[in-house]
Structures are given as C-alpha cells and as structure tokens.
Amino acid sequence: MSQLFDTKALGKPRHHKRSATGYFAEVDEKGQEKWPRGDEATWKAGLRDVDADVPDITKSVVHHVQTSLARQAYNLDNLGAYQATALAVREDLIINWNQTQMTYTRATPKRAYYLSLEFLMGRTLDNALLNLGLKDKFKQGLEQIGFTLEDILDSERDAALGNGGLGRLAACYVDSGATCEIPLWGYGLRYHYGMFQQLIGPDGSQLEAPDPWLDNSNPWEIPRLDVTVDVRFGGHAEKLDGGKGIWSGGQEVLAVAYDCPIPGSDTKTTNNIRFWSARPRRGFDLQSFNAGDYERAVESSNSAANITNVLYPNDNHYAGKTLRLQQQYFWCAASLSDIMRRFKNTGKPISELPTYVVIQLNDTHPTLAIPELMRILVDEEEVPWDEAWQIVTQTFAFTNHTVLPEALEKWPVSLFQQLLPRHLQIIYDLNWTFLQSVARKFPGDVDRLARMSLIEESHGQQIRMANLAVLGSFKVNGVAELHSELVKTTILKDFVDFFGVSKFRNVTNGITPRRWLDQCNPALSSLITDTLGSRAWLKDLNLLRGLLKYDTDPSFQKKWAAAKANNKERLAKYIKDTLGITISTTAMYDIQVKRIHEYKRQSLNILGVIHRYLTIKAMTVEERKKVTPRVILFAGKAAPGYWMAKLIIRLIVNVAKVVNVDPDVKDILTVLFLPDYSVSLAELLIPASDISQHISTAGTEASGTSNMKFCLNGGLLLGTVDGANIEIAEEVGSENVFFFGHLTPAVEKLRYQHRYEPVPLEEKCPALAAVLEDILSSRYGEAGIWEPFVNTIRQGDYYLISDDFDSYLRAQSMVDDAYSQDPKKWIQKSIHTTAKMGKFSSDRAIMTYAEEIWNVEAVKIN
C-alpha cells in the first residue's frame, strides 16, 4: 500500500536539516584529528587563501565577470564591475570568516550577541578593502582591466537596514568587535525596502518612496536557506503546573537566515551579522489558485513577507502597531532559537548558558527576547521556573538610549493577547513575583508599585518594555555620562532604589575611525599617517595626540587647510551633480545632519537662519562685505507619521528657495536641504564641515554620535550642554567648543513658567518674535501652513526655543568672529579637536562592554 500524502503539507518549503556551524573533529586512537571526508590532500590542494597580489585579484574579478555575471569585457559597465569586485572581495572575507567560526567552535569561548533592530551599514566595499589591507592592490588591479576604483565604489548602493544613530552605533560596534577580536555576532532583520527613500515634493514636503536596495541583489550577504526557524503568532496558550505552558495553533512564519561577514582591521577575525527574512511557513497555495481564488493563493506569502518589508512601519494605526510587534518578536524568536542551537551544540548543560552566552539588548526593541528565553527554558527545556529566571537574568544586558519618558516603548496588552498569548502569561507571572518583592522592600508605597509594574494601568493596559528590560538584565547602561546620571535619577530611579546603583553604569558611545576618518576623509587620513609615521592610530585613536605638537606649525596648518578645502570641493561637486546648485567652496560650511525631531531642534537652526537672512537684508552694501559667508546644510529624515517634523523639513526647503535666489544675500548666505540622508551622504558632509550643530534641548539627547564624527574630522562643535557634547568639551577643551543655552536642571522650571507664568514672546525674545512674524508674512508660502509650527513656540514651547534663541544667536556671532578674524587660530582649534578625540573610538566602547559587562575575552585567529 502506498503512503498517503498529507495535503496540509502542500506548498510548504522543503529544506534539509541544518548542520552545525563548524565542527568538533573526530580523533583517532592517538588523539590526532581525523579528516572528515574524502582525500585530505585533494581537499587542501583545492583550498585558497586571501588574495595577496594584483594578478590574483584581477584573475578573481575577471572570473566573476565571466562565471557569476555571465558577462564579458565587451558588455561590462560600472555596476557589473562593482558586482564582480564585491564578489571577489566577499570570497576573501569568507575565507577569514570560515577560519574565525572554526576557531570559535573549537575554543568554545564565551560569546556576545548584539541584538539591534537597526544596522545602518552604509556601503561595504571600501570598508572591507581597507580592513583587509587590499585597497591599493584592488585599485591597481581594476585599473588594469579598465575601471577606476572610485567609479566602482560609487556604484554601490547603501544597505537599507537602519535609519539613524541607533543603527549606525550598532554598525560601529560590530566593526570594533571584529577589530578587537571579540567573539561578537549581531542579529537583525533583512528589510527588503529599508525605511524609505526620501524625496522632496514641489511644495517642499517630504515624500516617502520604497527603497528597493535589493533589486540588484546584495553581493555581501550569504543566503543560509538551510538555517530556518519556525516563528508562531497568535493561537492558544494553556498554563500548566510549575509555570509551564503549552502554546499551539495560530500562524507560523519561517525565518530564513542571511549572513553578512564583518571584517576586523588588521586581523583575520571576521565576525558576522545574521539577518532574518520572513517567508510563509506554507508557500504558494496551488489549490486556491486552481480554484480561481488568486488572492487567497498568495495571502500567506504576502502576510509573511510584510514582516521584513519595511523598517519601522507607521504605527499611527492598529495595523502598524501589530506589524511592529510582529517584527520584534519574529526577530527575537529566530535569534534566540539560533543562539540556543549553537550553545546546545557545545554539549554544556543549560545551567551554564550565562557562562558561554551574553546577549546585549540595543534599546527596548529586543526586550521580547527576555520572555522568549523564559518560554524556551521552561516550556521546551523543562527547566524549573526559578532556575530559568536566574539563567535569564544572568544572560541579558540592556542599553538604554533615551531620557524621554514618551520614547519608552509600550505595547497594548490586547495586542499581546492576540499575537503572543504565552508571553503575556509569562510577563504576568514575572510581574506578580516582582511586585511582591517591591512591596516587601517598600511596604505601603502604592504609587511606587504602580510606577514599577511591568503593566501600566492608566490609559488602557500596556506592557512597559523598559521596565521588563531592566528587570530581566544583570546590567543596565546609558550611553553618555550625563545621560546615565539622568536615567538613574529620573526614568529608572525606582529601579535604582530597588536593585542598587551597582546594576547601572555608563558606557559612552563611540565611532569607528576606520570608516569615520580613514574611509570618508582620505586626504586628512593620509596627512595624519604621514605626520605620525604609521597607521597605528586607526587601532589606538589616542595616538592622535601626537598631532598636538604640530597645531601651530605653519606648514602643517597649510596642509590641514588643504585637506578641508579638498573635502569642500568634493561636497560641492556632489551638490552640483545631484541638485544642480553651485555653492561656494570658500565659505564657512555649517552643517546639521540627523533624524528630524523637535527635540533635536532643527527648528532652532532654521529660525536662526531666517534671523541671519533678515539681518543681512537690513545691512548696507558696505556692511554686507564684512559678513562671514556661510553655506548652511541640513539633512535627515522624518518618520512618516511625524507630522510636525515633516512640517519643519517643509519650512527649511521653502526658506532655502527664497534665500538662494535673493540677490541681497548672494555669495553671503546659501541654505540647502539635502534629500535622502544616508551613511554615504554623511561621508561627504562630515569631512567638509567647519562647524556642526548639535543643539538638542538640554537633557533630551542621550549621547549623539554625529558630534563625534564631525569633531574627529576637524569640524568644531556648536551645541547645548547635552549628551556627549559635554564629554567632547572635556576632552578637546571648552575653548574649542561653542556652547549656548540653558542647562538641564533649569528645563522643568522653564516649562512650568511657560504653562503657568507665560511672558509675551515680544517681551521675552523680540528677535524670535520678529522671525515668527516674518514666517507668517507669507514670504515662504501661505501663512496658514506654518501656523501649527509657530504655535508650538508661542503656546507652551516645550523644547525651549524662546528661552535659548538669544543665547544661540550670540554663540553664532562668536563662531563668525572666530572663523573670520583669526583663520590660523581656527585651524589650530580644528587640529586640537581631532587630536583629542581618542576617547570616542568605538574600540574603547566595545572593550568596555567586553571587559566590564560581558566578561568576554578576545580570541586570536591564526
């Protein structure tokens, strides 16, 4: 009798069982390793090493042109040459990647896993060539086959896997992890369309279009179609004795792994980011298709694919919230399953998981990993509840990235009940036990219980993800000294009182100098290397202090200024090529680039621009000749659902339209908003900066990392006493920073005065009142468009624009004077700033995590 086929399996993907990454070799009776299969000599004769000379490189590139792309010299364009080059470089990375993973498997060190919803990688080719030490040889090889490396590099599209500082920080940390030879893997999501491509409409509005960055394939990823995880949503959860449960039914989605090798600098260590892509557990429904129900035939495919289509879907509606929560659990469940599989392959008992595994939660997005690990341990591994919780709380560490209470993630309990019923049960049980402990320590303090509960009861029940992250982690860190102190004294004060201050610490953010100086600013990097005598500073950024002895040397200052001029010309060419606008290359370049948000105060900047514009127009011709010419550049994206941020972009664009055609300010003031900000655009903007603005309301910016990038490239800083600005000033000297504005302790008092003791704006800040009047004069478009923006300042002014405006103008005047009156002194300040930025290397930050939080040691790859 033939075997009956289960029709429910129709359309389900077929895949073989995943074999272990690496292996434990069998040994013979003498204890020597046995070759796993076939003839050892034949195998080893077929293995290759990393390309070492130009002929090997050209042979590899041409090989990929011929066999991977099926093209020839006759029909190869720059994009094709980029793809072939990338594939050749990827082969070199994979050789080191294999050796790295083999070493980790054999040595079984404690391994760190970095869970981040964003990895803003930027372009990969240039960074990979620099870290491999092969850039010059590839340049020669490509020239021999008729291409320039610069054209090839420009053909690469930015990976759309992140949005802002959170994702760029994660990318810097995995780079530093590999460079410092730390066993560190990242886990993220493989977004098909990224966040969005930003376009600017005719009226100045931000428009969002898909960013189909995968259309030309991604040569850097390694599809692991045999690495799959079933992820469940919905269904029914039944509680059993001892905290155990059974979760069944609902929808299952398949998580498929794609690996991205991360090379370290001047080392063979090549770590990994594993990105997950969502696919339907059951594929194309042929039976529905044949019945004419074409929509149902692809319904499950579309539903699954939506999970990893877009980064941060708009959550202004219930469907968007649902998709965001699906994204977060899908990623956490797949990553935890993969981590557990790898740990279990070591043969160690589950109780030793924290000895071999540490998981860093980058913000609250991966907090669901905590109840997911509890579910795995209790329901699948049958670990007793209390023992399981002890394992969990020794495995996770949590990085907080905000001091804004409104930015702390919360999810409706009803949504959890719909999508994650078993996790809701676990969270309720954890909360009950936790609140009993709080009540014992603080008897009768009902308000404290309400604040510390994992469940917020006030505006419909919501799960507080930050509270859960703190409860489930053995260490919690902020990302700048001020931020970490504010976290302990404001949003997490109750938890500090309960757990003690030792659980909370600071790790100031950092940036990788390989990308944010060597790669993006080759002119300055070459000057530094020639001056210091080696490239050792790229792995020990404190060596930049060796530049201090040259900061007043006329010859060195001239070379330094030439590097800056070269970068300005490069940026001006980009603007001419993309926007068709010619900008001066001798003016001061004043740049603010970051996510558009009210607390980051691009609004303050553009109001200052309007004030400058009106001031210049009121001058005589002779007075205008004394004005320091400025090119003021903005860039950044607003979240699609953030209406006020999008209105600020619209104002910036419309002000620029007026200013840039006004003959009264020609060659004195230029204002531009550069659309579709990305890592690659940042690599052009940052080296060209003379002054950069980091002007958040005091006490609102956790750290910032763009401030570090600008200062590392010799741009001076104009900012508030906030975030990492404070530590930068401590390092480079306050005389080299232009500070303004109220301090953090004054903020709440000022907000109170706005609400209960308001002073008319015309009396409080006449300069700002005149600017707002000008905005409503219809000079920049119909007045009604801008009224909501103007009202945010006149009514409440939560971000203290009116309180800081006069101080901001004074600081800008100081910048003008310093730049124009003593150019040599300005260059000295620039040199001094770069020389004192050693603290802000991400290598320092990652080693702090490894040594003081993770207890993870470096592993040398031979």
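Just so you know, these numbers come straight off a predicted model, no measurement behind them.

Thoughts on the sheet that holds strand β15 (residues 475–478)
Either a parallel or an antiparallel arrangement is found when strands of a sheet pair, and the pairing is made through backbone hydrogen bonds.
Stage number 1. With mixed pairing, the nine strands of this open sheet are ordered in space as β5-β8-β9-β2-β1-β10-β11-β15-β16. Two strands in the sheet have a free side with no partner beyond their single neighbour: β5 (222–233) and β16 (504–506). Averaged over all pairs of adjacent strands, the angle between their axes in this sheet comes to 25°, without regard to strand direction.
Stage number 2. Two elements, strand β1 (residues 111–115) and strand β2 (residues 184–189), share four bridges in a ladder whose sense is parallel. Paired with Ala112 across the two strands is Leu184, which belongs to β2.
Stage number 3. Contacts from helix α3 (residues 78–107) reach β1, β2, β5, β8 (251–263) and β9 (270–280), with the element oriented near 100° to β9.
Stage number 4. The strands touched by helix α10 (residues 318–344) are β1, β2, β5, β8, β9 and β10 (357–362); relative to β5, the strand with the most contacts, the crossing angle is about 115°.

What about helix α7 (residues 165–179)?
Stage number 1. For α7, built from 15 residues, the straight-helix expectation of 21 Å at 1.5 Å per residue is met to within 8% by its first-to-last C-alpha distance of 21 Å.
Stage number 2. For α7, a buried count of 14 out of 15 residues is recorded, marking the element as mostly surrounded by other parts of the structure.
Stage number 3. In the stretch just after α7, Glu181 is the one whose phi turns positive, near 60°.

Section: the packing of aromatic side chains
Stage number 1. What the rule picks out here adds up to 24 aromatic pairs.
Stage number 2. Summarising the aromatic geometry, the rings of Phe343 and Tyr356 are spaced 6.4 Å apart at their centres and angled 45° between planes, so their arrangement reads as tilted. Of this pair, Phe343 sits in helix α10 while Tyr356 sits in helix α11 (residues 353–356), placing them 13 residues apart in sequence. In this structure, Phe343 and Tyr356 share a single accessibility class: buried.
Stage number 3. Centre to centre, the rings of Phe434 and Phe499 are 6.4 Å apart; their planes meet at 5°, and the pair counts as stacked. Here Phe499 lies in helix α19 (residues 493–499) and Phe434 lies in helix α15 (residues 421–441), a separation of 65 residues in the sequence.
Stage number 4. Of the residues examined, Phe434 reaches a relative accessible area of 5% and is grouped as buried.

Structural notes on the pattern of salt bridges
Stage number 1. Within the structure shown, the criterion is met by 59 salt bridges.
Stage number 2. The salt bridge partner of Lys488 is Glu485, with a shortest N-O separation of 3.1 Å. Residue Lys488 and its partner Glu485 are located together in helix α18 (residues 481–489), separated by three residues, close to a single helical turn.
Stage number 3. Judged by its relative accessible area of 41%, Glu485 is partly exposed.
Stage number 4. The salt bridge involving Arg514 is made with Asp843; its shortest N-O contact spans 2.7 Å. Placement of Arg514 in helix α20 (residues 513–519) and of Asp843 in helix α35 (residues 842–854) is noted, with a sequence separation of 329 residues between them. The burial state of Arg514 is the same as that of Asp843; both residues are buried.
Stage number 5. Salt bridges here are not isolated pairs; linked through shared partners, they connect Arg224, Asp259, Arg274, Asp338, Arg341 and Arg342.

Some thoughts on the environment of Ser534
Stage number 1. Along the polypeptide, Ser534 turns up in the loop between α21 (522–532) and α22 (554–579).
Stage number 2. Residues Ser534 and Phe196 lie 338 residues apart in sequence; the distance between their C-alpha atoms is 41 Å.
Stage number 3. Within polar-contact distance, the side chain of Ser534 engages the backbone nitrogen of Ala536 at 3.2 Å.

A short note on empty space enclosed by the protein
Empty pockets left among the atoms are what a rolling probe the size of a water molecule brings to light.
Stage number 1. Taken as a whole, this structure holds five cavities of 30 Å³ or more when the rule is applied.
Stage number 2. Every residue lining the largest cavity is counted, 14 residues in all, and those nearest its centre are Met121, Thr124, Asn127, Ile262 and Arg515.
Stage number 3. Going through the elements one at a time, α4 (125–132), α7 and β8 are the ones with two or more residues in the lining of the largest cavity.
Stage number 4. For the second largest cavity, the calculated volume is near 80 Å³.

Some details on the sheet that holds strand β20 (residues 691–694)
Stage number 1. Taken together, six strands build an open sheet; the order of strands is β19-β18-β17-β20-β21-β22 and the sheet is parallel. The two strands at the open ends of the sheet, each matched to only one other strand, are β19 (669–673) and β22 (737–740). Strand-to-strand twist across the sheet, computed as the mean angle between neighbouring axes with direction ignored, equals 15°.
Stage number 2. Here α22 sits on the sheet and contacts β17 (588–593), β18 (630–635) and β19; the angle it forms with β17, its principal contact strand, is near 65°.

Let's talk about the nonpolar core
Stage number 1. Counting residues in hydrophobic clusters, the biggest one holds 126 residues, and the most contacted among them are Trp276, Phe330 and Trp854.
Stage number 2. For this core, the element with the most residues is α10, which contributes 12 residues.
Stage number 3. Counting residues in each nonpolar core, the second largest holds 58 residues, with Ile606, Leu651, Leu716 and Val771 among its members.

What to know about helix α23 (residues 602–617)
Stage number 1. Here α23 is 16 residues long and its end C-alpha atoms lie 23 Å apart, about the 22 Å a rise of 1.5 Å per residue gives.
Stage number 2. Most of α23 sits out of view: 12 of its 16 residues are buried.

What about the environment of Lys576?
Stage number 1. Mapping Lys576 onto the fold places it in helix α22.
Stage number 2. Exposure remark for Lys576: the relative accessible area of 44% places this residue in the partly exposed category.
Stage number 3. Beyond its immediate sequence surroundings of up to four residues, Lys576 is in contact with Ile581 and Thr582.

Comments concerning the pairing of β22
Stage number 1. As paired elements, strand β21 (residues 716–720) and β22 share four bridges and run parallel to each other. Residue Thr720 lies in a different strand from β22, and its bridge partner there is Phe740.

Some thoughts on the confidence of the model for the protein
Stage number 1. The predicted model of the protein has a mean per-residue pLDDT of 93, with 95% of residues at 70 or higher.
Stage number 2. In this model residues 10–17 is a low-confidence stretch, pLDDT under 50, and it forms 15 contacts with partners more than four residues away in sequence or in other chains.

Digging into the side chain of Asn605
Stage number 1. One can find Asn605 in helix α23.
Stage number 2. Discounting chain neighbours no more than four positions away, the residues touching Asn605 are Gln592, Ile632, Phe634, Gln693, Ile695 and Tyr808.

Remarks on the side chain of Thr529
Stage number 1. If you trace the backbone, Thr529 turns up in helix α21.
Stage number 2. Its relative accessible area of 15% is what places Thr529 among the buried residues.

A look at the environment of Gly781
Stage number 1. Tracing the chain through its elements places Gly781 in the loop between α31 (766–775) and α32 (783–794).
Stage number 2. Classification of Gly781 by relative accessible area gives partly exposed; the value is 24%.
Stage number 3. When the C-alpha atoms of Gly781 and Val771 are compared, they prove to be 14 Å apart, with 10 residues separating the residues in sequence.

Some points on the pairing of β2
Stage number 1. Most of β2 is tucked away: six of the six residues are buried.
Stage number 2. With burial as the criterion, each face of β2 is covered, one bearing Leu184, Gly186 and Gly188 and the other bearing Trp185, Tyr187 and Leu189.
Stage number 3. Pairing analysis gives five bridges linking β2 to β9, with the strands arranged parallel. Across the sheet, Trp185 pairs through a bridge with Asn272, a residue of β9.

Looking at the packing of α3 against α4
Two numbers describe a pair of packed helices, the interaxial angle and the distance between the axes.
Stage number 1. Contact geometry of α3 with α4 gives a least axis separation of 11 Å together with a crossing angle of 45°. By the angle between their axes, α3 is oblique relative to α4. Regarding α3 and α4, the two cross each other, and that crossing is left-handed. Contacts from Tyr82, Thr85, Val89, Asp92, Leu93 and Asn96 of α3 reach α4 at Leu125, Ala128, Leu129 and Leu132.
Stage number 2. Of the residues that constitute the contact of α3 with α4, the class distribution is seven nonpolar, two polar and one charged.

About the cut-offs
- Residues numbered from 1 in each chain as written.
- Predicted model: local features only at pLDDT ≥ 70, side-chain atom pairs only at ≥ 80, totals over all residues.
- Heavy atoms only, no water.
- Pairing = 2+ DSSP bridges.
- Helix = DSSP H or I, 4+ residues; strand = E, 2+ residues; numbered from the N terminus.
- Axes fitted to C-alpha atoms, helices over the stretch in contact; angles between N-to-C directions.
- Contact = heavy atoms within 4.5 Å.
- Expected span 1.5 Å × (residues − 1).
- Buried < 20%, exposed > 50% of the residue type's maximum accessible area, 1.4 Å probe, protein only.
- Phe/Tyr/Trp six-rings, centres within 6.5 Å; stacked < 30°, edge-to-face > 60°.
- Salt bridge = Lys/Arg side-chain N within 4 Å of Asp/Glu carboxyl O.
- Polar contact = N/O pair within 3.5 Å; in protein donor to acceptor, adjacent residues only side chain to side chain.
- 1 Å grid on protein atoms, 1.4 Å probe; cavity = no way out; pocket = protein on both sides within 12 Å on 5 of 7 lines; lining within 4 Å.
- Points joined across faces, edges and corners; volume = space filled by probe spheres on them.
- Core = buried A, V, L, I, M, F, W, Y, C linked by side-chain atoms within 4.5 Å.
- pLDDT = per-residue confidence, 0-100.
- Parallel < 35°, antiparallel > 145°, perpendicular 65-115°, else oblique.
- Left-handed = near helix turned anticlockwise from the far one by under 90°.
- Nonpolar A, V, L, I, M, F, W, Y, C, P; charged D, E, K, R; others polar.

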